[in-house]
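Understanding the architecture of this molecule
These are the residues of each chain, in order.
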Amino acid sequence: MTQGEFQVELDEDEAVKALAEQTPRPVITIAIGLMAISMFAAIGGVVIANILNGTATERDPILAIALLLNIALILIGWRHHKEVTRELASHSEAAKRARALASRDPLTGFYNRRALNREIQGALAKADQRQRAVALFVIDLDSFKFINDLNGHHIGDLLLKSVASRIADAMPNSAINARLGGDEFATAFEFDLNDPSEVDDVAEMLIERLSQPFAVEDQTVQTSASLGISRSDGQVESVETLLRRADIAMYAAKKQGKNRAVWFDGSMERILETRNRIETGIRNGLPNGEFVPYYEKQIDMLTGQLRGFEVLARWEHPTRGTIMPDEFISVAEECGLITELSETVMRQAFLEAREWDSSLTLSINISPAQLKDTWLAQKIIKLLTETNFPPHRLEIEITETALFDNMGVAQAIISSLKNQGVKIALDDFGTGYSSLSHLRALPFDRIKIDRSFISSINEDGESEAIVDAITRLGESLNLPITAEGVENDKIERRLKKIGPMHGQGWYFGEPMPIGEARELLAGMDLLGSMTPEERAEQALRDLQKLRRSA
Ligand code: C2E
Ligand code: CA
Ligand code: CA
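Remember, it's a predicted structure, so these values are computed and weren't measured experimentally.

A few words now on the overall build of the protein chain. Secondary structure summary: the protein chain contains 20 helices and 16 strands in total. Relative to all contacts within the protein chain whose residues are 6 or more apart in sequence, the contacts with residues 24 or more apart total 69%. Entry remark: accessible area of the protein chain is about 29,100 Å², with carbon and sulfur atoms responsible for 54%.

Below is the structure:
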């Protein structure tokens, strides 16, 4: 069986019960034996006494035959008894085997999940009596899926076996080792309540050993593990709670950069609850139209002219008010809702901005998870067509990290979008690799300098040097620059001295809702020529068109 298949577990209780039903009953044999022996004693006593006293009667030969038959019966009974005993022994051996099969993971020989529950239950009770505690590790390999995809399931299976044996070697002899499924393991052991550093030592050793290369057949495979730790403390009631906590801590270890051990603490549970609440909120809020675009001005700092807007998502929550993207974008990414969220924000922004002066552009943020979607370019182009927004007025903002994590797909997406006339900006530049070769490898139209350098440009010499260097880089590659985070006129003056560039930030205006953006543009005579009635009619026509095409 491979790790890819589901494990069909034999139900332990049922297996043992079935075997017991087939087991011959020794009670019957014993009863026959006892009857025969008591008959032998009764008949034999009379016949032998009569023979010895010389008072044998005519009936005694019959009784003697009965006696002989009785002896035969005892012998048969004895043989049967021996057979039954032998059979019983082999049945209990089979029952033992069935029990082992039902509680073990066939690949690694470790306990399976159900057996782990039972074993930990026992360990908790024992530890409690001895006033000690139980530590539970949940261990997950960091790159198993990748190794499996690259080298095949056979190598994957062998790796899992080697991982199991390294775990068994590193853990104390009394540890309860289990495979929870896939590349997830658990192990529990008792420790001194007052000395949890013992647990840290074991965890550290385990992490270290699992990060050493594995020789699998003729290949060397490198992986690492993330480990979550929970402990019993007299208050943890159930094994499920211990397991859930270790699991939460394991995910925290992954989030903190993998290849490490992290203890569970109460705040993690609260974070998880908040995260789940946000996920439910997004699911409910999407169909209710709670996610809307805000617009942040982008200014040509040389001329002071408005060039366009960066579109930033906001969640207009019915009870909590406006929620910022830091709270919901990463959750939407994790739970696979980012595409839908991004599409609804883009659609609203395109429908609005197509009526604006044709010189105004829109910049849209694309997150790392979206860049893994091979259909992303098609989805954006479809939206542009449906809303009738000109592709040359759209700029897509992608961060360096997101790009180079998904280089192959990203390249294809970028070239499809560029073919349609969409522009591509490299967002948050300076915070990631800041690689020149990367910059050259992809056909960017603009570099955006991260706001952390801009907002500190007047206080921090290093920031100033970085902004200066990026500006020179842009000049030599013929890539225009946008500075983010222009918070005051001092920053603006400083940037103007460095060179011509676009700027955005609180100094020019904070991100604003549609209504405010409209007012602003109306005041600048950039709203387009339609009257409010004409705009409403147009919107209605679009809606009907969309309904027909859906
Ligand atoms: P970002 O792309 O770097 O966006 C710029 C952020 O800087 C925005 O935060 C903006 O409000 C903020 N900002 C603008 N001017 C200033 C300033 O002068 N000083 C300071 N301190 N901050 C300023 P926001 O709107 O909270 O967005 C945060 C991040 O969320 C964005 O960072 C972007 O990565 C992401 N995001 C926002 N909307 C979307 C969206 O529709 N889709 C995706 N995928 N990501 C989005
Ligand atoms: Ca951005
Ligand atoms: Ca940015």
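Turning next to the packing of aromatic side chains. In the structure shown here, the tally under the stated rule is 10 aromatic pairs. On the basis of an interplanar angle of 85° and a centroid distance of 6.1 Å, the ring pair of F110 and F185 is categorised as edge-to-face. Residue F110 is located in the loop between helix 3 (60-103) and helix 4 (113-129), and its partner F185 is located in strand 3 (residues 184-191); the two are separated by 75 residues in the primary sequence. For F110, a relative accessible area of 7% translates into the label buried. Residue classification places F185 among the buried positions, given a relative accessible area of 1%.

Further remarks concern the coordination of the calcium ion (ligand 3). The calcium ion (ligand 3) binds to the protein through D427 (OD), D428 (OD), E484 (OE) and E484 (OE), with metal-donor distances spanning 2.2 to 2.6 Å. The two metals, the calcium ion (ligand 3) and the calcium ion (ligand 2), are separated by 3.6 Å and share D427 as a common coordinating residue. With D427 in strand 13 (residues 423-429) and E484 in the loop between strand 15 (481-483) and helix 18 (489-498), this residue pair connects regions lying 57 residues apart in the sequence. Each member of the pair D427 and E484 is classed as buried.

Once that is clear, we can look at the layout of surface pockets. Of the pockets and cavities examined, the largest pocket occupies roughly 1,100 Å³. Only strand 8 (291-300), strand 9 (305-317), helix 10 (325-334), helix 11 (338-353), strand 11 (361-366), strand 12 (394-399) and strand 13 provide two or more residues apiece to the lining of the largest pocket. Of the residues in the lining of the largest pocket, the class split is 16 nonpolar, nine polar and 12 charged. The calculated volume of the second largest pocket comes to roughly 760 Å³. Taken together, 20 residues form the lining of the second largest pocket, with Y251, A252, K255, R275 and E334 sitting closest to its centre. Broken down by secondary-structure element, the contributors of at least two residues to the lining of the second largest pocket are helix 8 (239-255), helix 9 (266-285) and helix 10. Here the lining of the second largest pocket takes seven residues from helix 8, the largest share from any one element. When its residues are assigned to classes, the lining of the second largest pocket shows eight nonpolar, three polar and nine charged.

Looking now at the site of ligand 1. Of all residues adjacent to ligand 1, which total 22 residues, the nearest are E296, R314, R451, E487 and W506. Here N365 contributes a side-chain N or O atom positioned 3.0 Å from an oxygen atom of ligand 1. Taken by itself ligand 1 offers 800 Å² of open surface, and the protein chains cover 86% of this. Among the detected pockets, ligand 1 sits in the largest pocket. Contributing elements (two or more residues each) for the shell around ligand 1: strand 9, helix 10 and strand 13. At four residues, strand 9 tops the list of elements feeding residues into the shell around ligand 1. Among the residues forming the shell around ligand 1, the class breakdown is eight nonpolar, five polar and nine charged.

At a minimum axis distance of 10 Å, the contact between helix 17 (residues 461-477) and helix 18 shows a crossing angle of 40°. Between helix 17 and helix 18, the crossing angle belongs to the class labelled oblique. Crossing hand, helix 17 versus helix 18: right-handed. Taken together, the residues of helix 18 that come into contact with helix 17 (itself represented by E464, V467, D468, T471 and R472) are R494, L495 and I498. Residues belonging to the contact of helix 17 with helix 18 are distributed by class as follows: three nonpolar, one polar and four charged.

Looking now at the pattern of salt bridges. Throughout the structure, instances matching the rule amount to 30 salt bridges. Taking the shortest distance from any N to any O, the salt bridge between E279 and R275 comes out at 3.0 Å. Here E279 pairs with R275, and both are found in helix 9, just four residues apart, close to one helical turn. The same class applies to E279 and to R275, which are both buried. One salt bridge in this structure joins E475 and R472, with 3.0 Å as the shortest N-O distance. Here R472 and E475 lie together in helix 17, a separation of three residues that amounts to about one turn. The exposure class of E475 is partly exposed, given its relative accessible area of 49%. Judged by its relative accessible area of 35%, R472 falls in the partly exposed class.

What follows concerns the sheet that holds strand 2 (residues 176-181). The sheet built from five strands is open, its strands ordered 2-3-1-6-7 with mixed pairing. In this open sheet, the two edge strands, each paired with only one partner strand, are strand 2 and strand 7 (261-263). Each neighbouring strand pair of the sheet contributes to a mean axis angle of 20°, computed without reference to strand direction.

Here we take up the confidence of the model for the protein chain. Predicted coordinates in areas of low pLDDT are best not read in detail. Overall, the predicted model of the protein chain reaches an average pLDDT of 88, with 88% of residues at or above 70. Contacts from residues 1-13, a stretch scored under 50 in pLDDT, to residues over four places away or in other chains number 31 contacts.

Side chains of L68, I71 and L75 sit close together on the surface and give an oily, nonpolar patch of about 290 Å² of accessible area. For L68, the location among the structural elements is in helix 3. Judged by relative accessible area, L68 falls into the exposed class, the value being 58%.

The biggest cluster of nonpolar side chains holds 75 residues, and the ones touching the most others in it are I282, L362, I396, L403 and L495. Per element, the largest residue contribution to this core is seven residues, and it comes from helix 11. Excluding residues within four positions of it along the chain, L403 makes contact with L371, I398, A410, I414, L426, L442 and F444. Formed by 33 residues, the second largest nonpolar core is a distinct cluster that contains I167, F189, F191 and A203.

The element strand 13 is extensively covered by neighbouring structure, given that five of its seven residues are classed as buried. Sheet topology places strand 12 next to strand 13; five bridges connect them, and they run parallel. Bridge pairing in strand 13 places T399 opposite D427. Examined bridge by bridge, strand 13 and strand 14 (residues 446-449) share three bridges and lie parallel to one another. The residue bridging L426 from the neighbouring strand is I447, located in strand 14. What joins strand 13 to strand 14 is helix 15 (residues 436-441), and the crossover it makes is right-handed.

About the thresholds
- Residues numbered from 1 in each chain as written.
- Chains lettered and ligands numbered in written order.
- Predicted model: local features only at pLDDT ≥ 70, side-chain atom pairs only at ≥ 80, totals over all residues.
- Heavy atoms only, no water.
- Helix = DSSP H or I, 4+ residues; strand = E, 2+ residues; numbered from the N terminus.
- Contact = heavy atoms within 4.5 Å.
- Areas by Shrake-Rupley, 256 points an atom, 1.4 Å probe, with all protein chains shown as cover.
- Phe/Tyr/Trp six-rings, centres within 6.5 Å; stacked < 30°, edge-to-face > 60°.
- Buried < 20%, exposed > 50% of the residue type's maximum accessible area, 1.4 Å probe, protein only.
- Donors = N, O, S within 2.8 Å, 3.2 Å for Na, K, Ca; no water.
- 1 Å grid on protein atoms, 1.4 Å probe; cavity = no way out; pocket = protein on both sides within 12 Å on 5 of 7 lines; lining within 4 Å.
- Points joined across faces, edges and corners; volume = space filled by probe spheres on them.
- Nonpolar A, V, L, I, M, F, W, Y, C, P; charged D, E, K, R; others polar.
- Near = heavy atom within 4 Å.
- Polar contact = N/O pair within 3.5 Å; in protein donor to acceptor, adjacent residues only side chain to side chain.
- Sits in = over half its atoms within 2 Å of the grid points.
- Axes fitted to C-alpha atoms, helices over the stretch in contact; angles between N-to-C directions.
- Parallel < 35°, antiparallel > 145°, perpendicular 65-115°, else oblique.
- Left-handed = near helix turned anticlockwise from the far one by under 90°.
- Salt bridge = Lys/Arg side-chain N within 4 Å of Asp/Glu carboxyl O.
- Pairing = 2+ DSSP bridges.
- pLDDT = per-residue confidence, 0-100.
- Patch = residues over 30% accessible without salt bridge, like charges linked within 9 Å, V, L, I, M, F, W, Y side chains within 5 Å.
- Core = buried A, V, L, I, M, F, W, Y, C linked by side-chain atoms within 4.5 Å.
- Right-handed = clockwise from strand over helix to strand, strands pointing away.

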